[in-house]
Structures are given as structure tokens and as C-alpha cells.
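Chain by chain, the residues run as shown.
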Amino acid sequence: MSPRPTPGSRPLVLKFGGSAFADLDGYHRVARYAVRRSAEEERPLVVVVSAMSGTTGRLQQTLDALAADPPASAAAMLLTTGETVSVALLTAALDAQGVAAHPVPASGTGLLAEGPPDRATVTSADAAALSRALADGRIAVVPGGQAVDAHGRTVMLGRNSSDLSAVATAAMLGADTCELFSDVPGVCTADPYLVPEARTLSRISYEGVRRMSRHGAKVVHEGAVQWAERARVRVWCRPFPWSEGAGADTGVGERSGAEPEERGMAGEGAVVGDRVVVGDRAVGGEQRAVGTVVGAGPEAAAVVVHQGSGVWSFRSGRERRAVAGRLRAEGLPVTEFDTAGEICLTVPTGARGAARHLSGARRLDDLCLVTALHADGRADHIAVPRSEAAAEARRRHAALYPSLAGATAPLAAPPVKARSPHSDVLVGSGPASAPENQRVD
């Protein structure tokens with residue numbers, strides 16, 4: 001039987017990234033957790049889901065193998081299927097728990113977007129359809145990264161845009177907090193896999209995390225931060241997975257009904273994947289909630305390594321500005337910088353449509369950009385050989401946080417993102433790499 005929400009109560013919005021669904025049992029774990037939260041808090045619940053880990057990348061590889069520059073509408077149609085599969089599977093898992101849930105299609109999200117169909121921008125949100133889905137007390141399961149355009153066609157909000165869906169939904173429904181679950185401890189001062197001395201921030205301002213995202217950090221989606229700030233939604237970035245002991249599924253460091261504590265910069269409870277880096281300390285018999293609260297807090301210094309972007313050199317600053325403007329207009333994040341006499345721009349590797357704008361540029365294959373963001377808003381860029389990027393990031397981090405400079409933590413092994421064994425469900429298990437002459441190198 002479905003838990004009954006308190007009439008008029010603000011909804012609870014939870015988002016689960018693809019790492020939550022690295023295997024099919026992940027859907028059962030999320031379902032159990034969602035049922036418990038809904039029952040305990042007695043308010044409507046929206047669960048926003050990403051595609052199971054590895055699915056979207058696999059679909060992109062398949063598309064790249066077929067065509068060098070496919071239509072954006074075709075890319076959107078294909079790449080959104082992963083989230084649709086997750087909606088169906090989580091709805092089934094909830095039903096197995098005895099809870100009827102609403103599987104919400106893109107047309108039922110209330111999100112309207114415009115722009116390139118595979119990198120569209122949310123322009124408005126209408127709560128009517130989703131409010132109706134929540135009215136009978138059911139849990140609504142929403143696909144992350146999906147909206148509709150003015151013609152009612154499903155569009156994609158870009159890669160890694162489930163955060164945006166979740167926060168826009170929370171704003172639309174009047175929720176005061178949106179919880180984002182992923183496989184990182186929260187918002188960190190650097191990638192903890194590359195910089196073991198990195199700290200997990202307990203809180204940070206909207207502008208602070210937006211600046212990190214704008215400069216290439218894989219934190220909260222920049223569009224999500226904009227929606228959160230406008231609607232004053234507090235975003236709580238939380239670690240996943242949980243450790244399942246006796247009793248219900250409980251988040252690492254979580255107590256039932258816990259609210260995030262707004263402390264200063266701290267490393268308590270940092271979790272990377274399923275490995276506790278610094279254990280959370282029990283306080284009065286209860287553990288403090290972990291993660292990062294976005295909205296109430298200071299700005300912070302951070303180091304960003306642009307591993308997923310290539311460095312391109314241009315003949316003039318004017319040419320670079322023109323290309324950067326066109327790429328940004330198509331929804332691609334780019335960074336302009338100069339190094340060693342080169343006029344440079346970073347461009348996401350393999351981004352659809354980027355190649356036609358880069359015909360007059362030269363790729364600097366061996367270089368990787370490292371950016372040091374200062375708390376006062378300054379940004380320092382340095383391009384180094386890719387093999388030296390991690391060491392440079394550690395040096396920059398030590399300069400930003402000298403109190404941690406004496407740490408002797410060994411460099412962590414490069415992460416291997418878990419890929420669900422079911423991520424090939426839509427395309428089969430055969431190889432699907434793009435021919436060399438069809439890649440953006």
C-alpha cells in the first residue's frame with residue numbers, strides 16, 4: 001500500500017545518478033529507500049533517475065560508429081532511452097515493494113526547453129501534470145535530462161543533466177531541498193582520485209559551485225545551480241552507495257530524518273564509491289549527515305583538471321572568440337586561455353557538431369588544462385602534458401590549501417567507473433567504436 005502524504009506538504013525530490021544502478025539490485029535498493037523516506041516524512045515524493053551506469057556512453061558509441069555527425073534530433077531520440085529504461089525498472093522495483101508508482105514520460109515532467117534537441121535549455125516549468133501524478137499519494141518516477149520542446153517532442157538537456165531535471169522539478173513544485181545522490185562524497189576541492197588531499201566541502205554558495213561547474217568541474221550541473229538560486233532551493237549533494245546493515249537501507253552517515261548540518265569546510269564522512277576515506281564521527285549516539293549543502297555557505301578555492309576536453313590552438317584571439325561563441329551557443333562548455341604563446345580553447349572530446357567549428361584550429365594532443373580557482377574569484381590556467389596533470393593538480397591544491405601541503409597521501413589509482421552489465425540492453429554487446437576518420441580528435 002502506498003504511503004499517504006500529508007495534504008499540502010512540500011514534496012521531497014531525490015535524484016539518483018547512474019552509479020546507483022550499476023546492477024539490477026540497485027533499483028531494489030533505491031526503491032526500498034524511497035519507500036522508507038516517503039513513509040517517514042509523509043509527503044509527496046519525486047524520484048529523478050539517470051540511465052544505468054554506462055548506458056548513455058554505449059549508445060553514444062553506437063551512434064558514432066554509424067555516422068560522423070548525426071542529426072541532433074536523432075541523437076536526442078537515442079540518448080534519452082537510457083533514462084526511460086531506468087524509469088520503467090524503478091517503477092517495477094517499487095511495485096515489487098507493494099508501492100504503486102507513476103512512471104512519468106518526458107511530456108509529464110512539466111519541463112519545456114528550447115535549443116539543439118540533444119543539448120536543449122530548460123526555459124519554463126509547469127507543475128500541473130506532475131502535481132496530478134502526486135495527488136493520489138503515489139511516488140512519481142521522472143527521467144533525468146529530459147524535457148519537451150514547443151512541439152511536444154522529447155529533447156535531451158545534454159549529458160549529465162539529471163541534476164538539472166531534479167532541481168528544476170524541486171523549484172517547480174515548491175520544494176525547499178533537492179537531494180542529489182552520486183558516487184562522490186559531495187562537492188570537493190579537487191578530484192579526490194587525482195588529489196588525495198582534496199577535502200569535501202560541507203557547504204558552499206550557489207556562485208561558488210556554479211563557478212566550479214563553469215570551469216569544468218564535475219560537480220552540480222550549472223543550469224541546476226541557476227534554477228536552485230532563483231527558487232532558493234537548497235541542494236544537498238550526498239554520497240552513494242549506502243552500506244546495508246541490519247534494518248532499512250540507510251545512507252552513509254545518515255540518520256532517519258536527518259538534515260544536513262551546515263559546518264565549515266570539513267572532510268568528515270567523505271566516501272568515494274564504496275570506500276570510506278574519512279569515517280563519519282558519531283555525535284550523541286547519532287551520525288552526522290554527510291555531503292555538501294549548496295546555497296548557504298562561502299565560496300571556495302578548488303582545482304579542476306579538464307580530463308574530458310581537448311586543447312585546441314587558434315591563429316588569433318578573434319578567431320578563438322568566434323568559435324567559442326558558436327560552441328557555447330550550441331550548449332558546449334569551453335574555456336579560453338593562453339599558454340606558451342598559444343591562443344587556446346578547451347572543447348569536450350567527441351562532442352557532436354564540434355568538428356565543423358574547429359576546421360581552422362590545431363589540436364595540441366598531449367596537453368591537458370589544469371585550472372586553479374581562488375576563493376576571491378580569480379582563475380589561473382596552465383596547460384601541462386597529460387601525464388603530468390595529476391601532479392600539477394596536487395601542486396596547485398597545496399598552494400590553495402597550504403595547511404594540507406604536508407599531507408603524504410599516496411596518489412589514488414585512476415577510477416574505473418562501474419558499468420552496468422545491462423548497459424548493452426539497447427544495443428547488444430558487440431563492439432561499437434567510431435571509425436578513426438569519424439572522430440573529433
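Q: Can you break down the overall build of the protein residue by residue, with the values?
A: Along its length, the protein carries 10 helices and 23 strands. Taking all 441 residues of the protein together, the buried fraction comes to 52%. In the protein, of all internal contacts separated by at least 6 residues, the share reaching a separation of at least 24 is 75%. Element-wise, carbon and sulfur atoms account for 52% of the exposed surface of the protein, whose accessible area totals about 18600 Å².

Q: With reference to specific residues and values, describe the sheet that holds strand β23 (residues 379–385).
A: The antiparallel open sheet is built from three strands, whose spatial order is β17-β22-β23. If you trace the sheet from one side to the other, it starts and ends with β17 (302–305) and β23, each paired once. In this sheet, neighbouring strand axes are inclined to one another by 20 degrees on average, regardless of whether the strands run parallel or antiparallel. Of the pairings in the sheet, the one linking strand β22 (residues 367–373) to β23 comprises seven bridges and is antiparallel in character. Of the residues in β23, the one forming a bridge with L367 is P385. In the packing of helix α10 (residues 389–400) onto the sheet, the strands contacted are β17, β22 and β23, and the crossing angle to β22 comes to about 10 degrees.

Q: Before we move on, could you go through the pairing of strand β2 (residues 45–49) and cite the residues and values that matter?
A: Most of β2 sits inside the fold, with five of its five residues counted as buried. Neither face of β2 is open: one carries L45, V47 and V49, the other V46 and V48, and all of them are buried. Note that strand β1 (residues 12–16) and β2 share five bridges and pair parallel. Each bridged residue has a counterpart across the sheet, and for V13 the counterpart in β2 is V46. Read as a crossover between parallel neighbours, the route from β1 over helix α1 (residues 25–41) to β2 is right-handed. Pairing analysis gives four bridges linking β2 to strand β6 (residues 139–143), with the strands arranged parallel. In the sheet register, V46 faces β6, and the bridge partner there is A140.

Q: So what's going on with the packing of aromatic side chains? Which residues, and what values?
A: Any aromatic ring pair is given by two values, namely how distant the centres are and how the planes are angled relative to each other. If you walk through the whole model with that rule in mind, you get four aromatic pairs. Centroid distance F16 to Y33: 6.3 Å. Interplanar angle 85 degrees. Geometry classified as edge-to-face. Taken as a pair, F16 in strand β1 and Y33 in helix α1 lie far apart in primary sequence, 17 residues in all. In terms of burial, F16 and Y33 fall into one category: buried. Their ring planes at 80 degrees and their centres at 5.6 Å tell us that Y33 and F181 sit as a pair that is edge-to-face. Residue Y33 is found in helix α1, and its partner F181 is found in strand β9 (residues 177–182); the two are separated by 148 residues along the sequence. For Y33, a relative accessible area of 0% gives the class buried. These aromatic residues form a ring-pair network of at least three members: F16, Y33 and F181.

Q: If you had to explain the pattern of salt bridges to someone new, which residues and values would you point to?
A: Side-chain pairs of opposite charge can arise whenever the charged atoms involved come near each other. Enumeration over the complete set of coordinates arrives at 28 salt bridges. Here D118 makes a salt bridge to R352, at a shortest N to O gap of 2.4 Å. Of the two residues, D118 is situated in the loop between β4 (111–114) and β5 (121–125) and R352 in the loop between β20 (342–348) and β21 (362–363); the sequence distance between them amounts to 234 residues. In this structure, E392 and R395 form a salt bridge, with 2.5 Å as the shortest nitrogen-oxygen distance. Within this pair, E392 and its partner R395 are both found in helix α10, separated by three residues, close to a single helical turn. Owing to a relative accessible area of 49%, R395 belongs among the partly exposed residues under this scheme. Salt bridges here are not isolated pairs; linked through shared partners, they connect D69, D118, R119, E330, R352 and R356.

Q: Before we move on, could you go through the packing of helix α3 (residues 72–79) against helix α4 (residues 81–96) and cite the residues and values that matter?
A: Orientation of α3 relative to α4, taken along the N-to-C sense of each, is 25 degrees, at an axis distance of 5 Å. Comparing the axis directions of α3 and α4 gives the class roughly parallel. For the pair α3 and α4, the contacting residues are M77, L78 and L79 in the first and T81, G82 and E83 in the second. Across the contact of α3 with α4, the residue classes break down as three nonpolar, two polar and one charged.

Q: Describe the packing of helix α7 (residues 206–214) against helix α8 (residues 222–231), and please don't skip the residues or the numbers.
A: Interhelical geometry of α7 versus α8 gives an angle of 165 degrees and a closest axis separation of 9 Å. The angle between α7 and α8 places the two elements in the roughly antiparallel class. The chirality of how α7 crosses α8 is left-handed. In this structure, α7 uses Y206, V209, R210, S213 and R214 to contact α8, whose residues at the interface are E222, V225, Q226, A228 and E229. Split into classes, the residues belonging to the contact of α7 with α8 amount to four nonpolar, two polar and four charged.

The rules behind these values
Starting from 1, residues in each chain are numbered consecutively following that chain's sequence as written. Per-residue local features are limited, in this predicted model, to residues with pLDDT of at least 70; the limit for side-chain atom pairs, both in listing and counting, is 80 or more; totals at the level of whole chains, interfaces and linings are taken over all residues. Note that water and hydrogens are dropped before the side-chain values are worked out from all heavy atoms of the structure. Starting at the N terminus, helices and strands are each numbered in turn, a helix being any DSSP run of H or I of at least four residues and a strand any DSSP run of E of at least two. Buried means the residue's accessible area, taken with a 1.4 Å probe over protein chains only, is under 20% of the maximum for its type, while exposed means over 50%, and partly exposed covers the values in between. Two residues qualify as a contact provided that any one of their heavy atoms is within 4.5 Å of a heavy atom in the partner residue. Note that accessible areas follow from Shrake-Rupley with a 1.4 Å probe, and for residues the cover is restricted to the protein chains shown. We call two strands paired when DSSP finds no fewer than two bridges between them. Inter-axis angles, ranging from 0 to 180 degrees, are taken between N-to-C directions of lines fitted to C-alpha atoms, where helices are fitted over the stretch in contact. Crossovers are described as right-handed under a simple rule: with the strands pointing away from the observer, the path leading from the first strand over the helix to the second runs clockwise. Here a pair means two rings of Phe, Tyr or Trp (six-membered ring of Trp) with centres within 6.5 Å. Their orientation is stacked below 30 degrees between planes, edge-to-face above 60, and tilted elsewhere. The working definition used for a salt bridge is a side-chain nitrogen of Lys or Arg within 4 Å of a carboxyl oxygen of Asp or Glu. Each angle is binned into one of four classes, with values under 35 degrees roughly parallel, values over 145 roughly antiparallel, values of 65 to 115 roughly perpendicular, and all other values oblique. Classification convention: Asp, Glu, Lys, Arg as charged; Ala, Val, Leu, Ile, Met, Phe, Trp, Tyr, Cys, Pro as nonpolar; all other residues, Gly among them, as polar. Helix crossings get a hand from a simple test, with the near helix turned counterclockwise from the far one by less than a right angle marking a left-handed crossing and a clockwise turn marking a right-handed one.

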